[in-house]
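# Observations on the model geometry
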Amino acid sequence: MTGREVPSDVGRLGRVLEQIHGPRDLRRLDHDELAALAAEIRDFLVRSVSKTGGHLGPNLGAVELTLALHRVFDSPHDRILWDTGHQAYVHKIVTGRAGGFEGLRQKGGMSGYPSQAESDHDVIENSHASTALSYADGLAKAFQLRGQTDRHVVAVVGDGSLTGGMAWEAINNIAADHSRRLVIVVNDNERSYAPTIGGLAHHLATLRTTRGYERFLEWGKRVLGRTPVVGQPVFEALHGVKKGIKDIVAPQGMFEDLGLKYVGPVDGHDIEAVEHALSRAKGYPGPVLVHCITRKGLGYKPAEDDTADNFHGIGVIDPETGQPLASAGTSWTSVFADEVVEIARERPDVVGITAAMQIPVGLDKFAAEFPERVFDVGIAEQHATTSAAGLAMGGMHPVVAVYATFLNRAFDQVLMDVALHRCGVTFCLDRAGVTGPDGASHHGMWDMAFLQVVPGLRLAAPRDTVTMRALLREAVAVDDAPTVLRYPTGAVCADVVAVDTVDGVDVLRRAEDADVLLVSVGAMAETSLEVAERCAQQGIGVTVVDPRWVKPVPDAVVRLAAAHRCVVTVEDGVRAGGVGSAVAQALRDAKVSTPLRDFGVPLRFLDHGKRAEVMSEIGLTAQQIARDIVETVASLEAAVENPAPSDAAPSD
Ligand SMILES: Cc1ncc(C[n+]2csc(CCOP(=O)(O)OP(=O)(O)O)c2C)c(N)n1
């Protein structure tokens, strides 16, 4: 398909696709119909994902693989698990959800990942990579223990996700027990976002280039097997040295040495070949790994031509050209990207670390200028963190740039490996706070809560370009403790200039006769100022401060709080244990009795939708916060006018 051939109507299904209501319908199709279906699915994906945004490239590369999986295995009786889950659109289409694509990732619409609420065919929905093999291990054990041995468990994992440590912990366990059937399908497109890195990638590359080896063995078996007396023994002898030959010619022994049967490599776009390999795997009594070679973005020229990331994840685009339709504005990521390069030029000890997301987190400019000082460690946030500790111990200052939600994984490493050892490591958490269309797993709402308990760690939340640059510099200047910078997704707002500074705490608005001290965290500054304006219109004075460094709570915040009737905190992180909780604790410790009202993200998993829609749903808009403050101040006044009797007798 070229860009020109993409029709404009989203909902239209092709001739074959409109007959597909569930996986069973796939099994009736002949070879030509399957080929037509694959083309129709690609056409449908381009038309719909270009309208909504989403993961286009990975799904274009997984079309034939998904069709083959659903023809060979009987989902949902058999369980098909998608690692990360961003490549499961085709699975959604063939399990009766093509109609949901108009609302893909929109509020109230279909999720961009598998979702148990949507379909019995969906099992895991976490979308943090490298977990599927562990789920599969557990499911296979459960089926065995419950006597459901006719049920197959299949885990589909990309070569990128296979770089994550959890995947290897799972393989270590899966391979150790041959009493259970479990099929691992490696969807190897040689890419994570960017080309997959590391020793594993080299190993897979070697396997890719030695396809002829398995064919040679097959040939040997056929030809020599037909030769009576000498044939079979010769083959046995040949096969006996197979491992030895392989270790020299094709080190695919790695998987087999671990105890996994290896099938492949298979052309992942040849449905018959994939079906053949999967059928072999299905019939095997123990764990099997099927290695499929695919191409990300296949069939859509703009994606095929895009060497940066093959349209891994896109916003709304013109399907003809692949160009974005909306101009994005200056992103927080690009402000970070520019400043970190400036710093790197001045400080040769500063190095960058990314967990397979160099472009998305903005370390690409740094890497272009200082390639030897930026390390892509694969999807390995834990390793990234402890490796950063090692770099710090060796005299460098690492800047670890990750999405906020993915640092969850490395909590113990931040705590024990970095903080306990007082290592100067700076974590830059992109996409912090409510992110939007990627849903529950991608909201970066936990960092400010779980990092509160890390002794010595300092956390800053910039509110605009100027504070972002300044705080990054302040953070990398700390060489004896971890520092964290967290900033949201999307375009950075206009600069919010402080009217005053009190011991490092920026005063953004000072109200005469202030009733309320509003402590605004990072990018909530614009909202907080609007809150103050709305309250002023109701006769309530609100002074707005931005502590910049929110952990530990600055003393100045406590002193200012003591001089007000009420303190309000506004943050886009989870309320439970967040900055509001920390300020409340600091006030209690200082015996400041000013009442506090904390606004933040409620303790539940948030759905997908636009960021503004989600913020409104959870009450984090200026209008909702201002209304609440007006009510709080009114109830404080009522309490002063009608104090509760202090000597009320206890009830029996
Ligand atoms: C723990 C974690 N870190 C980072 C990511 C971001 N991420 C999403 S998909 C992806 C690349 C996955 O590559 P691969 O598994 O090969 O799948 P492909 O897109 O190539 O099909 C990354 C890094 C993630 N989902 N989870």
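For the structure itself, consult the block above.
What counts as what
- Residues numbered from 1 in each chain as written.
- Predicted model: local features only at pLDDT ≥ 70, side-chain atom pairs only at ≥ 80, totals over all residues.
- Heavy atoms only, no water.
- Helix = DSSP H or I, 4+ residues; strand = E, 2+ residues; numbered from the N terminus.
- Buried < 20%, exposed > 50% of the residue type's maximum accessible area, 1.4 Å probe, protein only.
- Contact = heavy atoms within 4.5 Å.
- Areas by Shrake-Rupley, 256 points an atom, 1.4 Å probe, with all protein chains shown as cover.
- Expected span 1.5 Å × (residues − 1).
- Near = heavy atom within 4 Å.
- Polar contact = N/O pair within 3.5 Å; in protein donor to acceptor, adjacent residues only side chain to side chain.
- Salt bridge = Lys/Arg side-chain N within 4 Å of Asp/Glu carboxyl O.
- Core = buried A, V, L, I, M, F, W, Y, C linked by side-chain atoms within 4.5 Å.
- Pairing = 2+ DSSP bridges.
- Phe/Tyr/Trp six-rings, centres within 6.5 Å; stacked < 30°, edge-to-face > 60°.
- Lys NZ or Arg CZ within 6 Å of the ring centre and 35° of its normal.
- Axes fitted to C-alpha atoms, helices over the stretch in contact; angles between N-to-C directions.
- Parallel < 35°, antiparallel > 145°, perpendicular 65-115°, else oblique.
- Left-handed = near helix turned anticlockwise from the far one by under 90°.
- Nonpolar A, V, L, I, M, F, W, Y, C, P; charged D, E, K, R; others polar.

## Overview of the overall build of the protein chain
Within the protein chain, the regular secondary structure consists of 27 helices and 18 strands. Within the protein chain, buried positions represent 57% of all 652 residues. Restricting to contacts in the protein chain with at least 6 residues of sequence separation, those with at least 24 account for 77%. Accessible surface computed for the protein chain: about 26,300 Å², of which carbon and sulfur atoms make up 53%.

## Section: helix α6 (residues 132–145)
The end-to-end C-alpha separation of α6 is 20 Å, in line with the 20 Å expected for 14 residues at 1.5 Å each. Listing the buried residues of α6 in full gives A132, L133, A136, D137, L139, A140 and F143. In the segment just after α6, G147 is the residue with positive phi, at about 70°.

## A closer look at the site of the ligand
In the region of the ligand, 21 residues are neighbours, and H86, G160, S161, R191 and E381 sit closest. Here D159 contributes a side-chain N or O atom positioned 3.4 Å from an oxygen atom of the ligand. Within the backbone of R191, one N or O atom sits 2.8 Å away from an oxygen atom of the ligand. Starting from 580 Å² of accessible surface for the ligand in isolation, the protein chains cover 98%.

## Some remarks on the pattern of salt bridges
Counted under the stated rule, the structure contains 38 salt bridges. As a salt-bridge pair, R463 and D506 come within 2.9 Å of each other at their nearest N and O atoms. Of the two residues, R463 is situated in the loop between β10 (458–460) and α22 (465–476) and D506 in strand β13 (residues 505–509); the sequence distance between them amounts to 43 residues. Each member of the pair, R463 together with D506, is buried. Between R548 and D506 there is a salt bridge; the shortest N-O distance is 3.8 Å. Remark: D506 occurs in strand β13 and R548 occurs in the loop between β15 (542–546) and β16 (549–551); sequence separation between them is 42 residues. One connected set of salt bridges, linked through shared partners, spans R463, D464, E474, D506, D546 and R548.

## Considering the nonpolar core
Formed by 84 residues in total, the largest nonpolar core has its most connected members in L407, F427, L451 and I629. Filtering out sequence-adjacent residues up to four positions away, L407 remains in contact with T385, V402, V414, F427, L429, F450 and L451.

## Some details on the pairing of strand β11 (residues 483–486)
The side chains of a regular strand alternate between the sheet's two faces. Along β11, one buried face is formed by T483 and L485 and the opposite face, lined by V484 and R486, is buried too. Here strand β9 (residues 426–430) runs beside β11; their pairing, made up of four bridges, is parallel. Looking at β11, one finds that T426 is bridged to T483. Across three bridges, the pairing between β10 and β11 is parallel. Residue pairing in the sheet places L459 in a bridge with V484 of β11.

## Quick word on the environment of R510
Counting through the fold element by element, R510 comes out in the loop between β13 and β14 (516–520). Apart from the residues within four sequence positions on either side, R510 is in contact with V499, D500, V502 and T543. A distance of 2.7 Å separates polar atoms of two side chains, one belonging to R510 and the other to D500.

## Some remarks on the packing of aromatic side chains
Tallied over the full model, the rule gives 10 aromatic pairs. Centroid distance F255 to Y262: 6.1 Å. Interplanar angle 10°. Geometry classified as stacked. Relative to F311, the ring of Y300 has its centre 5.9 Å away and its plane inclined at 80°; by these criteria the two rings are edge-to-face. Linking Y300 in the loop between β5 (287–293) and α14 (301–305) with F311 in the loop between α14 and α15 (332–346), this pair joins segments that are 11 residues apart in sequence. For the residue pair Y300 and F311, the accessibility class agrees, reading buried in each case. Connected via pairs of aromatic rings, a cluster forms that spans F44, Y89 and F101. One Lys or Arg, K282, reaches over the ring of F73 and ends 5.7 Å from the middle of that ring. Just above the ring of F599 sits the side chain of R597; from NZ or CZ to the centre is 4.2 Å.

## Section: the side chain of N189
Turning to its location among the elements, N189 is positioned in the loop between β3 (182–188) and α8 (199–209). Within the local environment of N189, its side chain forms a polar contact with the backbone nitrogen of R191, the two atoms lying 2.9 Å apart. Apart from the residues within four sequence positions on either side, N189 is in contact with D159, T294, R295 and K296.

## Here we look at the sheet that holds β3
In space, the five strands of this open sheet follow the order β1-β2-β3-β5-β4, with parallel pairing throughout. Edge strands, defined here as strands with exactly one partner in the open sheet, are β1 (79–82) and β4 (261–267). Averaged over all pairs of adjacent strands, the angle between their axes in this sheet comes to 20°, without regard to strand direction.

## Looking at the packing of helix α4 (residues 63–72) against helix α13 (residues 271–283)
The contact between α4 and α13 brings their axes to 9 Å, and the two run at 40°. Taken as axis vectors, α4 and α13 run oblique relative to one another. Our pair here, α4 against α13, has a crossing hand that is right-handed. Between α4 and α13, the contacting residues are E64, L65, L67, A68, L69, R71 and V72 on the first element and I271, V274, E275, L278, S279 and K282 on the second. Split into classes, the residues belonging to the contact of α4 with α13 amount to eight nonpolar, one polar and four charged.

## Some details on the packing of helix α2 (residues 31–52) against helix α5 (residues 89–97)
Where α2 contacts α5, the axes come no closer than 11 Å and their chain directions differ by 110°. Our classification of the angle between α2 and α5 gives roughly perpendicular. Two packed elements cross with a definite hand, and for α2 against α5 that hand is right-handed. Packed against α2, whose contacting residues are I41, F44, L45 and V49, the element α5 presents Y89, V90, I93 and V94 at the interface. Among the residues making up the contact of α2 with α5, the classes are represented as eight nonpolar, no polar and no charged.

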